[in-house]
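Here's the letter readout for the chains.
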Amino acid sequence: MIKQQLHIALVEDEINIAENYRDALQRIGYRVSLFHNRQDALAAFTLALPDMAILDVGLQGEYEGGFDLCRTLRQLSETLPIIFLTARNSELDEISALRLGADDYLTKDVSIHQILARVSALFRRIQALKKPQSADEQVLTRGALRINIERIETYWQDQPVTLTLTEFWIIHTLAKHPGQVKNRDQLMDAAHVVLDNNTITTHIKRIRKKFNHIDAEFNAIKTAYGMGYRWVIE
Amino acid sequence: MLLLPWAGCQSVSILETSLRQSHSQLLDVQMTAAAHQIERKLNKSQYADFNTRQGNYYAPLTDSKMLLDGFDGEESDWENITTPWFQLNTYDYVAGQSAETTSPTTAKFKLAANDKLLYIFIQTSALTPHYFNPMQPQRIADQLNIRSVNNTGLISRWQINPQGSGRVEMHNMSQTIKTSRDAGTWLWRDGHYNIEIAIPINLASNAIGFDLVLNDQQTNQHFKSKPSTTYERSLVREEANLNQQLADYTQPGLSLYLLNSQYWLVGQLSADDITDDNLGSDADNLLEPQSWLTDTIYNKLFTSDSLPYWLEPTRLGRWLLPQQLEQTTWYQDSPINKQLHSKVIIVNGQQFYFVAVQDSRQSLLSASEALNQLLILLFTIIAIIVTGLFAFASSLSWRIVKMKQSYRAAIDSDGKIIAVPEASKLPDELGDLSRVMQQLTINQDKYTNYLASLADKLSHELKTPVAVIRTSLENMELSNLDSEATKYLTRAMQGTNRLSQTLNALSEANKLEQSLEYAQWQVVPFDDMLEELTDAYRQIYNSHQFQLKYDNSLDYTINLAPELIVQLLDKLISNAVDFAPVNEAIKFTLTKKDKQLQLTIENQGPHFSSDNVMQLFDSMVSIRQQSDTPHLGLGLHIVKLISDFHRGYINARNLPGDKGVIFELLLPIENK
């Protein structure tokens, strides 16, 4: 079983919750290491990276210990899936987390089933990235946009755009069928994640900003108010 | 502050009293000197032998030459002669007795003199005239005999025999050769005689007597001055040359009187006569600057009511109240006071009274001027103080208004503190108040923020224990439990979920407020946006109908944060869908109003209960019936937050009729 080989590091200072999550994840076959503070986690990560990290933001007296850990992990690996699981639900925290390169940001009121679903979705995406489905789809070109699915690379006007996995799959889904409105659910499915509506909005905002950084005139992602988003080729 | 004028007036009053005393003394000194002077002058003068006898008859001085027309009363020459009438008594001539007899007829006369003539006016009561008939000279007729004595002792006798009503002649009976001259008029008028005649004063300067013979029932009745053959009585008269003597002592406001021992006025100098003539422009200059105000105040303050009233004492030719002459006295003569001084002088062994009456207005002019200056000074000081107080009060009022405005501006219509106003740095009470107000506002702001964040903090703090419970339950769910345990597990899960939802709802509004900072503004055609949205709502709520109305010809471009507006409309529609009946459309109407766009959303749901419509937009207010899902009434609060963020205005009201509600959203077109 692949799952038995997958190693998840759970950094959470609330021992009861940590153990509950660990139990649930172990029950479906993942190997889980628990860390209760940043220092322990960091020491372990420098020895060997897990296949996925689930981090709390506040860690034993360190108000933003989780963010620091995330930053360090991103330096260690560009592609390691990182999920934030926290009681904080302010948009500021969420934006900070995603800006630091987290793939997902969950609050502790989501059910354990959702967490499990997201974990497996993230692993599925990694699997998908490792195994491109067909040769035709490896490179997708839409006007100034070029997506290399195999290497998870996005280019706009031949310049690379650095996107997280979630952002990448959102762009991929939109660009695949230009003009078609993709609602939030569709985008979540495509990104193999379970996000709430606001999180999709936040992702779209971040994606636009990243493209705007290269091209101030970027306007390919249109909002269909109340419906979702669509890719427009100008 | 009013103590100031009072004190000023008191000091002027004291000043006035002392001035009055000093003036009184001064007047006394002047009077003494003048009395000596006059005494000497009169003793030396050619008039030294003027009549000093006790006067029985008195003739005041008349300025004008009288017209001997027999008329008295108004507009006649006698109008100004205010001396009393002298009576002529009847004596029984036939019986030769000296006793007075009574008669139904009476006769009286008045005298007046100037430096040439002595004017005589005799009036009888009603009678039947008997005129002298030259054809029958023996027949009894009415007749007037006059005896007069001059200073040299020359006795003159005169007789008038009227031949009818009109001009009469006078016969000088004392000369051996009878001479006649025009004497005046003898009128029979309204049933009585008016006899107006004149004789030279130098023939009558010492004494004069009358014997008026009137016929009554064939007998003669004699109306005489005295019941003897020498019936003249001494005459005292006011003399022009004495008046001229007194004129040397002219002073403003000073009246001088010279009285003989029987208090008859023989010479006078009236203050009224001299003020204008003798002082001329000087007096004007002195009196003119006094304003009516100062005069009024002066008279109010210094005209004492306790003083006896002044009466003009020489109206009847004789000093009315001789006891006045005994001492120096003050009198009130509205609106001024008068001071009376008298001195006794002896001329040719005869006693005379020299009386001075000083008008205080003239004498105390300086006090009045002092008052005037004082008043000007006081009013200036009071004006400065009042202006100062007014300016001070204005500045206080301005500061209070300023403070009110700044606090009104600091707190928005929802009672939220936008910015804490600056506190005053001044060390006065208003400054204190301002600082206290600022502190209160800061505390209020803190408390408001505390309340606002309370829900969020609470939900945050509760989330972890709830997560522990839920994850534990979920793990329990995954382990194999018997059906009994599963039943309780399910209930526990339901309760936990509900608690979890509640906690999310609690922090939602706060989360939104935080996310407002990251809102992206965009210029969008609002009509197109609404088209897309209504399409979306039709798909989401396919059991309801949606209508959108707007004028196609207008441009509805607006600057807004689309994501937030969508969120706002989501909340409104979610609310509308909960209440609106399925078969009736939810209507959107977009209109343009000046610089605003108005969007109304109406549905045919039940009315709001009327008293709390605007409260709907407050946090934690819900007018929904109890439902299965927790409802904290935050939806419309979020609507308000987003509307406020756009500087818009949201309002809800009931539609006329028994159902239907409408939400009105006003958004400014230009924003940020």
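Look up: the structure comes first, before these words.
What you see is a predicted model; the values in this text were computed from it and never measured.

Here is what the cut-offs are and how they apply
- Residues numbered from 1 in each chain as written.
- Chains lettered and ligands numbered in written order.
- Predicted model: local features only at pLDDT ≥ 70, side-chain atom pairs only at ≥ 80, totals over all residues.
- Helix = DSSP H or I, 4+ residues; strand = E, 2+ residues; numbered from the N terminus.
- Buried ≥ 20, exposed ≤ 12 C-beta atoms within 10 Å, placed from the backbone.
- Contact = placed C-beta atoms within 7 Å.
- Pairing = 2+ DSSP bridges.
- Expected span 1.5 Å × (residues − 1).
- Nonpolar A, V, L, I, M, F, W, Y, C, P; charged D, E, K, R; others polar.
- Axes fitted to C-alpha atoms, helices over the stretch in contact; angles between N-to-C directions.
- Left-handed = near helix turned anticlockwise from the far one by under 90°.

A.B. asks: Could you clarify how one ought to interpret the overall build of chain B in this entry?
C.D. replies: Scanning chain B from terminus to terminus reveals 12 helices and 24 strands. Split into buried and exposed, the 672 residues of chain B put 31% on the buried side. Sequence separation of at least 24 residues holds for 64% of the intrachain contacts in chain B that already meet a minimum separation of 6.

A.B. asks: What should I look at first to understand the pairing of strand β9 (residues 192–200) of chain B in this one?
C.D. replies: Regular strands show a simple pattern: their side chains alternate between the two faces of the sheet. Residues and elements named next belong to chain B. Along β9, 7 of the 9 residues are buried, which leaves the element largely enclosed by surrounding structure. Pairing of strand β4 (residues 117–126) with β9, which is carried by 8 bridges, proceeds in the antiparallel orientation. Residue pairing in the sheet places Leu-118 in a bridge with Ile-199 of β9. Across 6 bridges, strand β8 (residues 179–189) lies against β9 in antiparallel orientation. Its bridge partner lying in β9, Trp-186 is registered against Ile-195.

A.B. asks: I'm lost on unusual backbone geometry in this one. Help?
C.D. replies: Residue and element names in this part refer to chain A. Its identity is not glycine, yet Gln-60 carries a phi of approximately 35°, on the positive side. Residue placement: Gln-60 occurs in the loop between β3 (52–55) and α4 (65–76). Within the chain, Asp-158 stands out as a residue other than glycine whose phi angle is a positive 65°. As for its position among the elements, Asp-158 is in the loop between β8 (153–156) and β9 (159–161). Judged by the 8 C-beta atoms lying within 10 Å of it, Asp-158 falls in the exposed class.

A.B. asks: How should helix α11 (residues 562–579) of chain B be read in this particular structure?
C.D. replies: In an α-helix there are 3.6 residues to a turn, and that puts residues three or four apart on one side. The end-to-end C-alpha separation of α11(B) is 26 Å, in line with the 26 Å expected for 18 residues at 1.5 Å each. Residues of α11(B) that are buried: Glu563(B), Leu564(B), Ile565(B), Val566(B), Gln567(B), Leu568(B), Leu569(B), Leu572(B), Ile573(B), Asn575(B) and Ala576(B).

A.B. asks: Explain the interface of chain B and chain A here, please?
C.D. replies: Interfaces are often described in size by the accessible area the parts lose on coming together. Taken together, the 28 residues of chain B in the interface contact 26 residues of chain A. Put simply, the parts of the chain that give the side of chain B that touches chain A at least two residues each are α8 (429–478), α9 (483–516), α10 (526–540) and α11 of chain B. Take the side of chain B that touches chain A: its biggest share by element is 11 residues, from α8(B). A per-class count over the side of chain B that touches chain A returns 11 nonpolar, 11 polar and 6 charged.

A.B. asks: Help me understand the environment of Ala97(A), please; the structure alone is not making it clear to me.
C.D. replies: Residue and element names in this part refer to chain A. Within the element layout of this structure, Ala-97 appears in helix α5 (residues 91–99). With 24 C-beta atoms packed within 10 Å, Ala-97 lands in the buried category. Considering only alpha carbons, one finds Ala-97 and Val-57, 40 residues apart in sequence, at a separation of 8.7 Å.

A.B. asks: How should the sheet that holds strand β19 (residues 546–550) of chain B be read in this particular structure?
C.D. replies: Across a sheet, strands are paired by hydrogen bonds formed along the backbone, either parallel or antiparallel in direction. All names here are of chain B. What the 5 strands build is an open sheet, ordered β19-β21-β22-β24-β23; its pairing is mixed. Every other strand in the sheet has two partners, leaving β19 and β23 (649–654) as the edge strands with one partner each. Each strand axis lies, on average, 15° off the axis of its neighbour in the sheet, ignoring direction. Pairing geometry for β19 and strand β21 (residues 586–593), over 5 bridges, is parallel. Paired with Tyr-550 across the two strands is Leu-590, which belongs to β21. Set on the sheet, α11 makes contact with β21, β22 (596–603) and β24 (661–668); between it and β22 the angle comes to about 25°.

A.B. asks: Just to check I follow, could you spell out the sheet that holds β8(A) for this structure?
C.D. replies: Residue and element names in this part refer to chain A. With antiparallel pairing, 4 strands are arranged side by side in an open sheet as β6-β7-β8-β9. Across the chains shown, the open sheet's two edge strands, defined by having one partner strand only, are β6 (139–142) and β9. Pairs of neighbouring strands in the sheet enclose a mean axial angle of 25°, with direction left out of account. Sheet topology note: the β8/β9 ladder contains 3 bridges and is antiparallel. Bridging across to β9, Trp-156 finds its partner in Gln-159.

A.B. asks: I keep staring at the pairing of strand β3 (residues 107–113) of chain B and nothing clicks. Help me out?
C.D. replies: Burial runs high along β3(B): 6 of the 7 residues are buried. Between β3(B) and β4(B), which pair antiparallel and follow one another directly, the connecting turn spans 3 residues.

A.B. asks: Could you clarify how one ought to interpret the packing of α11(B) against helix α12 (residues 635–645) of chain B in this entry?
C.D. replies: Pairs of packed helices are described in terms of their axes, by the angle between the two and the distance that separates them. Residue and element names in this part refer to chain B. Between α11 and α12, the least distance of the axes is 9 Å, while the angle of their chain directions is 150°. Between α11 and α12 lies a crossing of left-handed hand. Residues Leu-564, Ile-565, Gln-567, Leu-568, Lys-571, Leu-572, Ser-574 and Asn-575 of α11 form the contact with α12, whose participating residues are Gly-635, Leu-636, Ile-638, Val-639, Ile-642, Ser-643 and Phe-645. Tallied by class, residues from the contact of α11 with α12 come to 9 nonpolar, 5 polar and 1 charged.

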